[in-house]
Amino acid sequence: MRYDRSKLTLLRCSNCGSDLSGLSTDVIFYCSECGRCWISGERLSPVSIEFLRIGGSDSIFLPFWKVDASVNILNRVSRKRSSSLVTGVSREFTGRERGLTESDSGSRQVRFIFPAFSTNLVLSTGVRMHRENFLPEKVEDGKRFMVIGGSVGMDDAALLTRAVAVGVEVNRTDYLASVDLEIEVHSAGIYAIGCTPGKNVFRINGSEIGILFAAVNDSDEILKKNHDFSG
Ligand SMILES: [Zn+2]
């Protein structure tokens, strides 16, 4: 006997009892009947979801993690564009003489947004999204969306937050030599961000940021399920 995995109902919404659909690797499930969002683990746990950049009728909503965290910079050392070569002299040079400057220690509150779907561009996308102001929109009553492909769970999100934070530091305009930072996550939720599929890229609505289909492991299934849902 053959089962079509995609048609098996594995999960139901704990709020309204509707079937939750998703891809086989998904851990984030949005109920398009009642608008609740769940993360599967030992059991379903609720997670907040907000919609952004809703855009036109051809929008596809991809799940992203929105993580609010304190970034504690313990030590950050940057380097001048070039430092003079140290040759033939046998003495210890200070960091400053080698063009190194320590700066920017302290703590700040930062919001990180990065893909909750499987892509090999998660860090670069997270760094680029850090610079943009993403504000949630009010979703009209009765408007139904599909959000699938969320395969990055909460534990991985915490690890990725740290990686994106380091990426943000590396991406500053100075020449980073080293950084030591701690992350304290205060809250995490899902942003469902409207993207318009182009020829070979999911383009985030109202943004220059695009994510290549080729870089998204489940892009074919996401596009197909979305087509079935809205068609
Ligand atoms: Zn529901």
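These remarks concern the structure in this document.

What counts, and at which threshold
Residues numbered from 1 in each chain as written. Predicted model: local features only at pLDDT ≥ 70, side-chain atom pairs only at ≥ 80, totals over all residues. Heavy atoms only, no water. Salt bridge = Lys/Arg side-chain N within 4 Å of Asp/Glu carboxyl O. Pairing = 2+ DSSP bridges. Helix = DSSP H or I, 4+ residues; strand = E, 2+ residues; numbered from the N terminus. Axes fitted to C-alpha atoms, helices over the stretch in contact; angles between N-to-C directions. Buried < 20%, exposed > 50% of the residue type's maximum accessible area, 1.4 Å probe, protein only. Contact = heavy atoms within 4.5 Å. Left-handed = near helix turned anticlockwise from the far one by under 90°. Nonpolar A, V, L, I, M, F, W, Y, C, P; charged D, E, K, R; others polar. Phe/Tyr/Trp six-rings, centres within 6.5 Å; stacked < 30°, edge-to-face > 60°. Donors = N, O, S within 2.8 Å, 3.2 Å for Na, K, Ca; no water. Tetrahedral: all angles 85-135°; square planar, octahedral: opposite > 155°, others 65-115°. Expected span 1.5 Å × (residues − 1).

**Let's talk about the pattern of salt bridges**
And step 1. Scanning all chains against the criterion turns up 9 salt bridges.
And step 2. One network of salt bridges, in which partners are shared, links Arg76, Arg108, Glu169 and Arg172.

**Here we look at the sheet that holds strand E5 (residues 44-47)**
And step 1. Across the sheet, which stays open at both edges, the 3 strands sit in the order E3-E4-E5 with antiparallel pairing between neighbours. Here the strands that pair on one side only, and so sit at the sheet edges, are strand E3 (28-30) and E5. This sheet shows a mean twist of 35° between the axes of neighbouring strands, independent of strand direction.
And step 2. Here strand E4 (residues 37-40) runs beside E5; their pairing, made up of 4 bridges, is antiparallel.

**Let's talk about the side chain of Thr161**
And step 1. Structurally, the position occupied by Thr161 is in helix H2 (residues 154-170).
And step 2. Given a relative accessible area of 0%, Thr161 falls into the buried group.
And step 3. Once residues lying within four places of it in the same chain are set aside, the contact partners of Thr161 are Val67, Ala69, Phe112, Phe114 and Ile183.

**Quick word on the packing of helix H1 (residues 122-130) against H2**
And step 1. Interhelical geometry of H1 versus H2 gives an angle of 65° and a closest axis separation of 9 Å. For the element pair H1 and H2, the recorded crossing hand is right-handed. Of the residues in H2, those in contact with Val122, Leu123, Gly126, Val127 and His130 of H1 are Leu160, Ala163, Val164, Gly167 and Val168.
And step 2. Looking at the contact of H1 with H2, its residues break down into 7 nonpolar, 3 polar and no charged.

**A word on the packing of aromatic side chains**
And step 1. As enumerated under the stated definition, the model contains 6 aromatic pairs in all.
And step 2. The interplanar angle of 70° and the centroid separation of 5.4 Å between the aromatic rings of Tyr30 and Phe51 together place this pair among those described as edge-to-face. You can see Tyr30 sitting in strand E3 and its partner Phe51 sitting in strand E6 (residues 49-52), a full 21 residues away along the chain.
And step 3. Since its relative accessible area comes to 4%, Phe51 is described here as buried.
And step 4. The interplanar angle of 65° and the centroid separation of 4.7 Å between the aromatic rings of Phe202 and Phe213 together place this pair among those described as edge-to-face. One end of the pair, Phe202, is in strand E11 (residues 201-204); the other, Phe213, is in the loop between strand E12 (210-212) and helix H3 (219-230), with 11 residues separating them in the sequence.
And step 5. Exposure remark for Phe202: the relative accessible area of 0% places this residue in the buried category.

**A short note on the coordination of the zinc ion**
And step 1. Only Cys13 (SG), Cys16 (SG), Cys31 (SG) and Cys34 (SG) from the protein reach the zinc ion as donors, at distances of 2.3 Å.
And step 2. Around the zinc ion, the 4 donor atoms sit at angles spanning 103 to 115°, and that spread fits a shape best called tetrahedral.
And step 3. Counting the intervening residues between successive donors of the zinc ion yields the motif C-x2-C-x14-C-x2-C. One end of the pair, Cys13, is in the loop between strand E1 (11-12) and strand E2 (19-20); the other, Cys34, is in the loop between E3 and E4, with 21 residues separating them in the sequence.

**Comments concerning the pairing of strand E7 (residues 60-79)**
And step 1. Most of E7 sits inside the fold, with 17 of its 20 residues counted as buried.
And step 2. Pairing analysis gives 19 bridges linking E7 to strand E10 (residues 175-197), with the strands arranged antiparallel. Looking at E10, one finds that Asp68 is bridged to Ser187.
And step 3. In this sheet, strand E9 (residues 106-115) lies alongside E7 in antiparallel orientation, the contact comprising 10 bridges. Bridge pairing in E9 links Lys66 to Ile113.

**Some remarks on H2**
And step 1. Compared with an ideal rise of 1.5 Å per residue, which puts 17 residues at 24 Å, H2 spans 24 Å between its outermost C-alpha atoms and is within 8% of the ideal.
And step 2. Taken residue by residue, H2 has Ala157, Leu160, Thr161, Val164, Ala165, Gly167, Val168 and Glu169 as its buried positions.
And step 3. Buried residues in H2 make contact with E7, E9, H1 and E10.

**Some words on unusual backbone geometry**
And step 1. A positive phi is found at Arg53, a non-glycine position, where the angle reads about 50°.
And step 2. Relative to the helices and strands, Arg53 is located in the loop between E6 and E7.
And step 3. Assessed through its relative accessible area of 16%, Arg53 is described here as buried.

**Comments concerning the environment of Glu182**
And step 1. Summarising the element assignment, Glu182 is placed in strand E10.
And step 2. Here the alpha-carbon distance between Glu182 and Ser107, two residues 75 residues apart in the chain, equals 9.1 Å.
And step 3. Excluding residues within four positions of it along the chain, Glu182 makes contact with Ser70, Val71, Asn72, Leu74 and Arg162.

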